[in-house]
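Secondary and tertiary structure notes
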Amino acid sequence: MTMFINFLYAAITSGTPLMFGTLGEIITEKAGNLNLGVEGMMAIGAIAGFYVGYTTNSVILAVIASFVAGIFAALIYAFLTVTLKANQNVTGLTLTIFGIGLSNFLGDYIRTAAGETTLQLSTEFTAKLATYKIPLLGDIPYIGHLFFDHNPFVYFGVILCIIAGIYVKYTRAGLNMRAVGENPAAADAAGININFVKYFNILLGGGICGIGGAYISLVLCGGVWTQSCVDGLGWIAVALVIFANWNPFACILGSFVFGAFRVLKFYVPKEVISIPDAIFDMLPFLITAIVLVITSIRKSKERSQPAGCGVNYFREER
């Protein structure tokens, strides 16, 4: 039982950056834009959060920096695709390449400027990111440790998904966003400012992705800067959007399920089952493929990509 609880706990820890990345992409796609640059935005958020945490020892400033960095990266994408009408797929892929390269360059530059062989956060800073047990709830056997004994990022991510779910489903701004994502021409005719809605939600989604990158560099990497630390999590987040059916609430469960697949190889006894690690590494993508097949067979308007997602809106063609 203890090993199973530890496995589930590790799944939550491993799935948290996916939760931020997936949530950011859901918001972006709900506004009608497919941004394949999640990996790049997370990478830029990772170096921004790490650098500010390294220089200020402030977790709050590090999170804010990663959020702003994610917005900056998303702004590049928004300007190219919304204003200049560039191809969304190509722009997103370019943003990924740019973000990873910029992150690695800045990390190496900061390390060289500091005269260090490795960049490591202070003990004081890492202590602030230690797990926090919620009083009373954290004392419940098994369940307490599993759900109420985590670092602040986990709690923040869950709360953010709930707020985003309310925003998307139950607010006027969320209704406008969904209208733009489904049929921008009709939304434009109804008086909705298409460019504003797209810009706002693309930047918001990018900022959230940036926070996911900060979690990777500050928590998952153990406080040591690692080149290319996002390591494909952004791509898994893009796939997880489909698994979550573009639903911010389902994003919570979906990210932890995919997190479980990522850590499964560490909890399967090698002496009992001898399976190459590469098989475990491909599991999230295999599950995504299965979900794609199922969703394509059982089509549902509420469980499908917004109709206008990935297609640039030209007002002159309305």
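Quick note: structure is the one above.
Just so it is clear, the structure is predicted and the values come from calculations on it, not from any experiment. (Residues numbered from 1 in each chain as written. Predicted model: local features only at pLDDT ≥ 70, side-chain atom pairs only at ≥ 80, totals over all residues. Heavy atoms only, no water.)

Quick look at the overall build of the chain now. The secondary structure content of the chain amounts to 13 helices and two strands. Taken over C-alpha atoms, the radius of gyration comes to 20 Å for the chain, in line with the 20 Å a tight globule of 318 residues would show. Viewed in the frame of its principal axes, the chain has a C-alpha envelope of about 60 × 50 × 40 Å. Relative to its 318 residues, the chain shows a buried fraction of 50%. At a minimum sequence separation of 6, the contacts of the chain that also span at least 24 residues come to 77%. Accessible area for the chain stands at about 15,000 Å²; split by element, carbon and sulfur atoms hold 67% of it. (Helix = DSSP H or I, 4+ residues; strand = E, 2+ residues; numbered from the N terminus. Rg over C-alpha atoms; globule rule 2.2 N^0.38 Å. Buried < 20%, exposed > 50% of the residue type's maximum accessible area, 1.4 Å probe, protein only. Contact = heavy atoms within 4.5 Å. Areas by Shrake-Rupley, 256 points an atom, 1.4 Å probe, with all protein chains shown as cover.)

Relative to each other, helix α8 (residues 172–182) and helix α10 (residues 194–220) sit at 105°, their axes nearing to 10 Å. With respect to their mutual orientation, α8 and α10 come out roughly perpendicular. For the pair α8 and α10, contact is made by Asn 176, Met 177 and Val 180 and by Ile 194, Val 197, Lys 198 and Asn 201, respectively. Class assignment of the residues belonging to the contact of α8 with α10 gives a composition of four nonpolar, two polar and one charged. (Axes fitted to C-alpha atoms, helices over the stretch in contact; angles between N-to-C directions. Parallel < 35°, antiparallel > 145°, perpendicular 65-115°, else oblique. Nonpolar A, V, L, I, M, F, W, Y, C, P; charged D, E, K, R; others polar.)

Taken together, the buried positions of α8 are occupied by Gly 174, Met 177, Val 180 and Gly 181. Along the axis of α8, the buried residues cluster in a sector spanning 120°; they form a single face. On its buried face, α8 is in contact with α1 (2–30), α7 (152–170), α9 (184–189) and α10. (Arc of directions from axis to C-beta.)

Here we take up the pattern of salt bridges. Counted according to the given criterion, the structure contains three salt bridges. Here Arg 111 makes a salt bridge to Asp 108, at a shortest N to O gap of 2.5 Å. Here Arg 111 and its partner Asp 108 are both found in helix α4 (residues 88–114), three residues apart, which amounts to about one turn of the helix. By relative accessible area, which is 26% here, Arg 111 ends up partly exposed. (Salt bridge = Lys/Arg side-chain N within 4 Å of Asp/Glu carboxyl O.)

Let us look at unusual backbone geometry. For Lys 85, which is not glycine, the phi torsion reads 60° and is therefore positive. Of note, Lys 85 is situated in the loop between α3 (59–83) and α4.

Attention now moves to the packing of aromatic side chains. Considering all chains together, one arrives at eleven aromatic pairs under this definition. A ring pair is formed by Phe 20 and Phe 153, whose centres lie 6.5 Å apart and whose planes are at 85°; its orientation type is edge-to-face. Residue Phe 20 is located in helix α1, and its partner Phe 153 is located in helix α7; the two are separated by 133 residues in the primary sequence. Residues Phe 20 and Phe 153 agree in their burial class; the two are buried. An aromatic cluster of at least three residues, connected via ring pairs, comprises Phe 20, Phe 153, Phe 156 and Tyr 215. (Phe/Tyr/Trp six-rings, centres within 6.5 Å; stacked < 30°, edge-to-face > 60°.)

Locating Thr 91 in the fold gives a position in helix α4. When its relative accessible area of 8% is taken as the criterion, Thr 91 is described as buried. If we ignore the near neighbours within four places in the chain, the residues touching Thr 91 are Tyr 77, Leu 80, Thr 81 and Ala 86.

Let's shift gears to the environment of Ala 250. Considering the arrangement of structural elements, one finds Ala 250 in helix α12 (residues 248–263). Ala 250 gets classed as partly exposed once you look at its relative accessible area, which sits at 29%. Sequence separation between Ala 250 and Met 19 is 231 residues, and the spatial gap between their C-alpha atoms is 9.9 Å.

The subject of this paragraph is a nonpolar patch on the surface. Where nonpolar side chains cluster on the molecular surface, the patch consists of Leu 137, Ile 140, Tyr 142, Ile 143 and Phe 147 and spans about 460 Å² of accessible area. Relative to the assigned elements, Ile 140 resides in the loop between β1 (132–133) and α6 (143–147). Of the residues examined, Ile 140 reaches a relative accessible area of 34% and is grouped as partly exposed. (Patch = residues over 30% accessible without salt bridge, like charges linked within 9 Å, V, L, I, M, F, W, Y side chains within 5 Å.)

Here we come to the side chain of Ser 217. As for its placement among the helices and strands, Ser 217 is situated in helix α10. Classification of Ser 217 as buried rests on a relative accessible area of 1%. Apart from the residues within four sequence positions on either side, Ser 217 is in contact with Ala 46, Phe 50, Gly 223, Val 224, Trp 225 and Cys 229.

Turning to the environment of Ala 114, a few remarks are in order. Mapped onto the elements of the fold, Ala 114 is located in helix α4. Setting aside anything within four residues of it in sequence, one finds Ala 114 in contact with Tyr 54 and Leu 119.

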